[in-house]
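Single-letter residue listing:
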Amino acid sequence: MTERNLVLLGPPGAGKGTQAERLVADFDLPYYSTGIILREAVEQGSELGKQAKDYMDRGDLVPDDVICKVIAERLDSGEADDGFLLDGFPRTVGQAEMLDGALDARDRSLTAALLIEAPDEEVVRRLSGRRTCVKNQHVYHVELDPPKNEGVCDQDGSRLVQRDDDRPETVRKRLSVYHDQTAPLIDWYGEKALLRRFDGTRTPEEVHSRIRATLATLALEAEI
Ligand SMILES: [Zn+2]
């Protein structure tokens, strides 16, 4: 069977989360979001988890090499033998080189870096329209998915607010950080012919079927 070793890239609000859920369900891939696997390593209390916890307790960023070791641990666990879906790592060229090294050491390689793109203005529109209920964090969108009564959660009647992360000025700041860090990474994967681009302004169904078609083509090419 062909491995599907995948990295998911794209700005916040481009629909990465939705696509990740579908890919994980389609191919039964383990989903490695940096936040989740670091938390799991901490919960397991492994030596690596303890290291990560020290940084997190101090409010520091967990260094790249620790994150990469946590990923490598998961690669060696057997659960990722048919592939994996990485989200949130790598974010920089340095991290990508580190991941490359870890895969190389295991005689494996990345299948593709899937980039889901959306123009900044679309991201701002999507994210700044989001409203979250204060009680259970149910999410709505003022244009795309409004509640029946303005400002009130349909499910529990609690108040809907805009999270700080979703304020337009915060979204723009996050986008500018994303572009600064990720543009070189996109070029890097492009040069390695691993980059596959998807238009995140299309419906989630369309994006999903295009990703599936691309993966099917890559699997065919791998067999030749
Ligand atoms: Zn609610």
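Placed above this text is the structure.
Cut-off values and rules
- Residues numbered from 1 in each chain as written.
- Predicted model: local features only at pLDDT ≥ 70, side-chain atom pairs only at ≥ 80, totals over all residues.
- Heavy atoms only, no water.
- Helix = DSSP H or I, 4+ residues; strand = E, 2+ residues; numbered from the N terminus.
- Rg over C-alpha atoms; globule rule 2.2 N^0.38 Å.
- Buried < 20%, exposed > 50% of the residue type's maximum accessible area, 1.4 Å probe, protein only.
- Contact = heavy atoms within 4.5 Å.
- Areas by Shrake-Rupley, 256 points an atom, 1.4 Å probe, with all protein chains shown as cover.
- Lys, Arg positive; Asp, Glu negative; His and termini not counted.
- Charge placed at Lys NZ, Arg CZ, Asp CG, Glu CD.
- Pairing = 2+ DSSP bridges.
- Axes fitted to C-alpha atoms, helices over the stretch in contact; angles between N-to-C directions.
- Donors = N, O, S within 2.8 Å, 3.2 Å for Na, K, Ca; no water.
- Salt bridge = Lys/Arg side-chain N within 4 Å of Asp/Glu carboxyl O.
- Left-handed = near helix turned anticlockwise from the far one by under 90°.
- Nonpolar A, V, L, I, M, F, W, Y, C, P; charged D, E, K, R; others polar.

Caption draft 1: The overall build of the protein, seen in detail. Scanning the protein for helices and strands turns up eight helices and eight strands. Rg of the C-alpha trace for the protein: 19 Å, near the compact-globule value of 17 Å for 224 residues, within the 12% margin. The dimensions of the protein, computed from C-alpha atoms along their principal axes, are 55 × 45 × 30 Å. Looking at the protein residue by residue over its 224 residues, the buried ones come to 42%. When contacts within the protein are restricted to residue pairs at least 6 apart in sequence, long-range pairs at least 24 apart make up 69% of them. Accessible area for the protein stands at about 12100 Å²; split by element, carbon and sulfur atoms hold 47% of it. Separation of charge centres in the protein, based on 30 positive and 43 negative side chains, amounts to 5 Å.

Caption draft 2: Inspection of the environment of T2 at higher detail. The residue T2 is located in the segment before β1 (4–9) in this model. With 197 residues separating them along the chain, T2 and D199 place their C-alpha atoms 26 Å apart. Contacts of T2, omitting those with residues within four sequence positions, involve D82, A219, A222 and E223.

Caption draft 3: Broad picture of the sheet that holds strand β6 (residues 139–141). One open sheet accounts for three strands, arranged β6-β5-β7; its pairing is antiparallel. Each edge of the open sheet is held by one strand with a lone partner, namely β6 and β7 (160–161). One ladder, built from two bridges, connects strand β5 (residues 130–133) with β7; its direction is antiparallel. Along β7, the bridge assignment pairs C133 with L160. The strands touched by helix α6 (residues 120–128) within the sheet are β5 and β6, with β5 carrying the most contacts at an inclination of about 25 degrees.

Caption draft 4: Summary view of the coordination of the zinc ion. Summarising the metal site, the zinc ion is bound by the protein donors C133 (SG), H138 (ND1), C153 (SG), D156 (OD) and D156 (OD), whose distances to it range over 2.1 to 2.7 Å. Since its relative accessible area comes to 1%, C133 is described here as buried.

Caption draft 5: Fine view of unusual backbone geometry. The step from F89 to P90 runs through a cis peptide bond, and the omega angle for that step is -5 degrees. Notably, A193 is not glycine yet its phi reads approximately 60 degrees, a positive angle. Residue position: A193 is located in the loop between α7 (168–191) and β8 (195–199). Assessed through its relative accessible area of 52%, A193 is described here as exposed.

Caption draft 6: Region of interest: the sheet that holds strand β4 (residues 112–117). Within the open sheet, the five strands sit side by side as β2-β3-β1-β4-β8. Their pairing is parallel. Among the strands making up the open sheet, the edge pair consists of β2 (31–33) and β8. Taken over all neighbouring pairs, the strand axes of this sheet differ in orientation by 20 degrees on average, direction set aside. Two elements, β2 and strand β3 (residues 83–87), share three bridges in a ladder whose sense is parallel. For Y31, the partnering residue across the bridge sits in β3 and is L85. Strand contacts of helix α8 (residues 204–223): β1, β4 and β8, with the helix running at about 160 degrees to β8, the strand carrying the most contacts.

Caption draft 7: The pattern of salt bridges, seen in detail. Applying the stated rule across the entire model yields 20 salt bridges. For D76, the salt bridge identified is with R106, shortest N-O distance 2.8 Å. Residue D76 is found in the loop between α4 (64–75) and β3, and its partner R106 is found in the loop between α5 (93–104) and β4; the two are separated by 30 residues along the sequence. Its salt-bridge partner being K192, residue D100 comes within 4.0 Å of it at the nearest N-O pair. One end of the pair, D100, is in helix α5; the other, K192, is in the loop between α7 and β8, and 92 residues separate them in sequence. We classify D100 as partly exposed; its relative accessible area is 30%. Of the residues examined, K192 reaches a relative accessible area of 39% and is grouped as partly exposed. Taken together, the shared-partner salt bridges in this structure form one network comprising E122, R125, R126 and E143.

Caption draft 8: Structural view of the packing of helix α3 (residues 47–57) against α4. Two elements in contact, α3 and α4, have axes separated by 10 Å at closest approach and are oriented at 150 degrees. Two packed elements cross with a definite hand, and for α3 against α4 that hand is left-handed. From α3, L48, Q51, A52 and Y55 reach across to α4, where they touch V66, K69, V70 and E73. Broken down by class, the residue content of the contact of α3 with α4 amounts to five nonpolar, one polar and two charged.

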